[in-house]
Amino acid sequence: MGIEDYGGGQVPTSDILIVTTNDVPGHQVQQVIGEVFGLTVRSRHLGSQIGAGLKSMIGGELKGLTKTLVETRNQAMERLMEQARARGANAVLAFRFDVTEAADLGTEVCAYGTAVVITTT
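As a convention, each chain's residues are numbered from 1 in the sequence order in which they are written. With pLDDT at 70 or above as the cut-off, local features in this predicted model cover only qualifying residues; side-chain atom pairs require 80 or more to be listed or tallied, and sums for whole chains, interfaces and linings still use all residues. Think of the side-chain values as coming from all heavy atoms in the structure, minus any hydrogens and water.

A.B. asks: Would you take a moment to explain the packing of aromatic side chains for this structure?
C.D. replies: Given two aromatic rings, one states the distance between the centres and the angle between the planes to describe the pair. For Phe, Tyr and Trp, where Trp contributes only its six-membered ring, two rings pair if their centres lie within 6.5 Å, and the inter-plane angle classes them as stacked under 30 degrees, edge-to-face over 60, or tilted in between. This model, assessed by the stated rule, comprises one aromatic pair. Aromatic side chains Phe95 and Phe97 sit 5.0 Å apart centroid to centroid with 75 degrees between the ring planes, which places their arrangement in the edge-to-face category. For a Lys NZ or an Arg CZ to count as sitting over a ring, it must be within 6 Å of the ring centre and within 35 degrees of the ring normal. The ring of Phe97 has Arg73 lying over it, and the distance from NZ or CZ to the ring centre is 3.8 Å.

Shown next as structure tokens:
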């Protein structure tokens, strides 16, 4: 597996700018639309659970679980962008992820932030 299997984030050609900061240098917030989020819950694959159990006994990275979490975070981020776009935003400020266990059945990942309309100053 290459590095592309373990990365994520926004593609450079996206029409929605997503930042973890509260502002964007060189831009002004024209309108605050409000909170947006993207949510997904993924169950664990039986094979990766068994592999992770064995790997945890000898130590090391759980690559199957790492790849699944990256895919899950990317899906949550895509859903966040869809919601922001549908509400008329062109940016999301104060972007964050929240990851929790969902009733011991899988992993819940929520991408959230504040949808805004920004313009160049």
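A.B. asks: Looking at this structure, how should I read the pattern of salt bridges?
C.D. replies: Opposite charge on two side chains permits them to pair, given that their charged atoms come into close proximity. Any Lys or Arg side-chain nitrogen located within 4 Å of an Asp or Glu carboxyl oxygen qualifies as a salt bridge. Within the structure shown, the criterion is met by two salt bridges. Of the charged contacts in the structure, one is a salt bridge between Asp15 and Arg85, with a shortest N-O distance of 2.8 Å. Of this pair, Asp15 sits in the segment before strand E1 (17-18) while Arg85 sits in helix H2 (residues 63-86), and the two are 70 residues apart along the sequence. When a residue's accessible area, from a 1.4 Å probe over protein chains only, is under 20% of the maximum for its type it is buried; when over 50% it is exposed; and in between it is partly exposed. Residue Asp15 is classed as partly exposed on the basis of its relative accessible area, which comes to 46%. By the criteria applied, helices consist of DSSP H or I runs no shorter than four residues and strands consist of E runs no shorter than two, each listed in order from the N terminus.

A.B. asks: Just to check I follow, could you spell out unusual backbone geometry for this structure?
C.D. replies: Among all residues save glycine, negative phi is the norm, and among peptide bonds the norm is trans. Backbone geometry places Ala94, a non-glycine residue, at a positive phi of 55 degrees. The topology assignment puts Ala94 in strand E3 (residues 91-102).

A.B. asks: Which parts of the structure should I look at to understand H2?
C.D. replies: Helical geometry note: an α-helix holds 3.6 residues per turn, so side chains three or four residues apart project in the same direction. Along its 24 residues, H2 runs 35 Å from first to last C-alpha, staying within 8% of the 34 Å computed at 1.5 Å per residue. Along H2, the positions that sit buried rather than exposed are Val70, Thr72, Ala76, Met77, Leu80, Met81 and Ala84. Should any heavy atoms of two residues lie within 4.5 Å, those residues are counted as being in contact. On its buried face, H2 sits against E1, strand E2 (27-43), E3 and strand E4 (106-120). Where H2 terminates, the next one or two residues include Gly88, which has phi positive at roughly 90 degrees. One fewer than the residue count of a helix, multiplied by 1.5 Å, yields its expected span.

A.B. asks: Looking at this structure, how should I read the sheet that holds E3?
C.D. replies: Through backbone hydrogen bonds, the strands of a sheet pair up, either in parallel or in antiparallel fashion. Taken in spatial order, the four strands make up an open sheet running E1-E3-E4-E2, and their pairing is mixed. The open sheet has two free edges, formed respectively by E1 and E2, since each of these has just one partner strand. If DSSP finds at least two bridges between two strands, the strands pair. Judged from the ten bridges that link them, E3 and E4 form a sheet pairing that is antiparallel. Bridge pairing links Arg96 to Tyr112 in E4. The strands touched by H2 are E1, E2, E3 and E4; relative to E2, the strand with the most contacts, the crossing angle is about 140 degrees. All axes are obtained by fitting lines to C-alpha atoms, using only the stretch in contact for helices, and the reported angles, taken between N-to-C directions, cover 0 to 180 degrees.

From the geometry alone we can't say anything about function, so treat these as descriptive.
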